[in-house]
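Coordinate inspection notes
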Amino acid sequence: MTSDGEARVLRIGTAILAAMLAAGVVQAQQRVVRDPAEPPTRLPKTKAPARMMRGVARQSVDTKSMVELIDELVACGTRLTLSSWTDAKRGAGCGRDKIKARFDKIAEASGGKLQVIVDEFEATAERTSGKPVPLQNVYAILPGADPVMAKTVFVVSGHFDSRPSDVMDPNADAPGADDDASGTAVSVECARVLSKLAASGKSGLRATILFAAVSGEEQGLLGSGHLVEWLKEKGYTIGGMLDDDIVGADPSQGAPHRVRVFSGNGEIEDADSPSRELARAVEEINGRDAIRMIFRVDRYGRGGDHYPFYKAGLPAVRFTEPQEDYNHQHQTPRTENGVEYGDFAKYLNAAFLGNVARYNAEALRQLAMAPAAPTEVRLTGAVTPDAKLSWKADEDPERAAFEILWRETTESRWQVLDFSQSAGQTVLKGVSTDNHFFAVRSVGKNGARSIATASQPEVRPAPGTNKK
Ligand SMILES: [Zn+2]
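First, a word on what this report is: a plain description of the structure on this page.

This brings us to the coordination of the zinc ion. Taken together, the protein donors to the zinc ion comprise His159 (NE2), Asp179 (OD), Asp245 (OD) and Asp245 (OD), at separations of 2.0 to 2.5 Å. In primary-sequence terms, the residues that donate to the zinc ion follow H-x19-D-x65-D. Taken together, the residues span a long stretch of sequence, with His159 in strand S3 (residues 152–159) and Asp245 in the loop between strand S5 (237–244) and strand S6 (259–262) at a distance of 86 residues. Relative accessible area serves as the criterion here: at 1%, Asp245 is assigned to the buried category.

Shown next, in the form of C-alpha cells:
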C-alpha cells in the first residue's frame, strides 16, 4: 500500500505526463537523435556544381510515331526469332526491316551523325532445340563527341522478337505490342530525340550512345548476350544499359503512373552493384515522381535483356510498366470463356509510353554528358577513428570534382557528405567506417553526374581466422 503522500505524487506525475503527451512534448523528445555526431565538426561548405537542368521536354517525344512503329511491328504477324528472316511481310525479318527503316530515316535527318548497323550472328540454346539458328540485332550508334569519353557507351535496348503461347511455334500469331514492340519504340524514339539534339551541335553529349533493338530475348536472352560480347569486342567500356521491356500499358486508375526500374543487388558484401547505382542515377535524374525503384533484379521468376549485362558486373536496369496483365503477354490471340488473350496495341497507354521514352532519353543524355565514374573505390580505416576513401579516375579536363556520398545502412538513397577536387585518398575525420555505406561519383563542369561507384571494404581476416 502506498501512503497518501506517495499516491499524491503519483497522481501529479501522471497528470504532468498526460499534459506533456497532449502537448506533443514526449513525442518530440523521442525524435531527438542521440547518436554521436558524425563527423564531429561541420565539413567545409565547398560544393560541386549544381546538377544540370533536365533537357528533354515531354513535348519533344513523338508518341504518335512510337505508336505507329508498334502498329507496323504488330502487322508482321509474328516476330518469333525462329520465324522467317527473309519474308518482307511476316516474321522476324519483317520486324527488322521496319526498325532499320526508322533508324535510316533518323540517321538521314541527323546529317549522318547516327550510324545504323544490322548485326547478324548465330546462337544455340535450349529454345533453339540445341541447334544454331540465325539471329539479327539492329543498332543505331551516336558516336560520342569528346575523345575522352567516346569509347564509353550507354545502351538503351528493347527486344523486337515476340512469342505466342508456344515459344517454339513460328507459325502462330504473336503480335507482341507491349512485349516488346513498346521497348523497341522507346529505343528508336530515344535515337530520334538525341540525334536531333546532337545534330544541333549544342547537345554536349560526350560519350557514345547505342540504341538497340535485339532479337532472341524469348529464346533465352540471346541477342542481348551477344550485344555484351559485341561491345567488348569493339573495345567499348559499358557505362550503363537501360533495358525497356513491357513498357507500354498502364491500365489502372490514375494513369500514367511511375515506371518500375528493377536493379539487382550484386554479389559483393556491404557494397551495392553498379546496376543499383544506375537505378539511383536514373531516379535522381528523372525524379521520384517518375521512377519507382524496385530493388530486385527482375520481377519474380522472370528475366530480361539487362540480365547478361548485370551478370557481367555491368550497370544495367530494367524498365517495366507498373502493373502487368498476363492475359496480354506470351499468349496466342484467342478468346476463351469470354476472356480475350493476346498482346495487342489497343491495350497500350500512349501517354505512359511517351513518359518512359522521355525518362530514358533524359537519363541517357545526362549520363552521356558526365565524366566517367570513379574506379577502384576502396574503404579503409577499420578500427581507427577516421574512415579513408580512395579511388582512381583518368584525366578529364571537363570534370569539376568528385562527390563523396554516404547513407545510413538502412537508407536506400545517397546523400552528399563531402567534396574532393582530385582522385587519390580522402580522410573523413571522425567518420566511422561502420555506420554508413560510402560511394564516390564524378561531377562535370556542366553539372552532369556519373553513376556512383560504391566503395568496397578492404578484405580483412575475420577474427579468429589464421592470418597466414
Ligand atoms: Zn519481353
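Additional details are given in the paragraphs that follow.
Moving on, we come to the sheet that holds strand S4 (residues 208–214). Taken together, eight strands build an open sheet; the order of strands is S1-S2-S4-S3-S5-S8-S6-S7 and the sheet is mixed. Strands at the two margins of the open sheet, each flanked by one partner only, are strand S1 (115–123) and strand S7 (291–294). For this sheet the average axis-to-axis angle between neighbouring strands, irrespective of direction, equals 25 degrees. Relative to S5, S3 runs parallel, the two being bridged by six bridges. Each bridged residue has a counterpart across the sheet, and for Ser157 the counterpart in S5 is Asp243. Against the sheet, helix H4 (residues 92–109) touches S1, strand S2 (133–142) and S4, its axis set at about 15 degrees to S2. Across the sheet, helix H5 (residues 177–199) lies against S2, S3, S4 and S5, angled at about 145 degrees from S3, the strand it touches most.

Contact pair H5 / helix H9 (residues 350–369): the axes reach a minimum separation of 9 Å and the direction vectors enclose 50 degrees. Regarding the angle of H5 to H9, the classification is oblique. The chirality of how H5 crosses H9 is right-handed. Residues Ser182, Val186, Glu189, Cys190, Val193, Leu194 and Leu197 of H5 form the contact with H9, whose participating residues are Leu353, Val356, Ala357, Asn360, Ala361, Leu364 and Arg365. Of the residues assigned to the contact of H5 with H9, the class counts are ten nonpolar, two polar and two charged.

The next thing to look at is the environment of Phe154. Structurally, Phe154 is set in strand S3. We classify Phe154 as buried; its relative accessible area is 7%. Along the backbone, Phe154 and Tyr310 are 156 residues apart, and their C-alpha atoms lie at a distance of 14 Å. Leaving out residues up to four positions away in the same chain, Phe154 has contacts with Ala207, Thr208, Ile209, Leu210, Gly239, Gly240, Leu364, Leu367 and Ala368.

Reading guide: rules and limits
Residues numbered from 1 in each chain as written. Predicted model: local features only at pLDDT ≥ 70, side-chain atom pairs only at ≥ 80, totals over all residues. Heavy atoms only, no water. Donors = N, O, S within 2.8 Å, 3.2 Å for Na, K, Ca; no water. Helix = DSSP H or I, 4+ residues; strand = E, 2+ residues; numbered from the N terminus. Buried < 20%, exposed > 50% of the residue type's maximum accessible area, 1.4 Å probe, protein only. Pairing = 2+ DSSP bridges. Axes fitted to C-alpha atoms, helices over the stretch in contact; angles between N-to-C directions. Contact = heavy atoms within 4.5 Å. Parallel < 35°, antiparallel > 145°, perpendicular 65-115°, else oblique. Left-handed = near helix turned anticlockwise from the far one by under 90°. Nonpolar A, V, L, I, M, F, W, Y, C, P; charged D, E, K, R; others polar.

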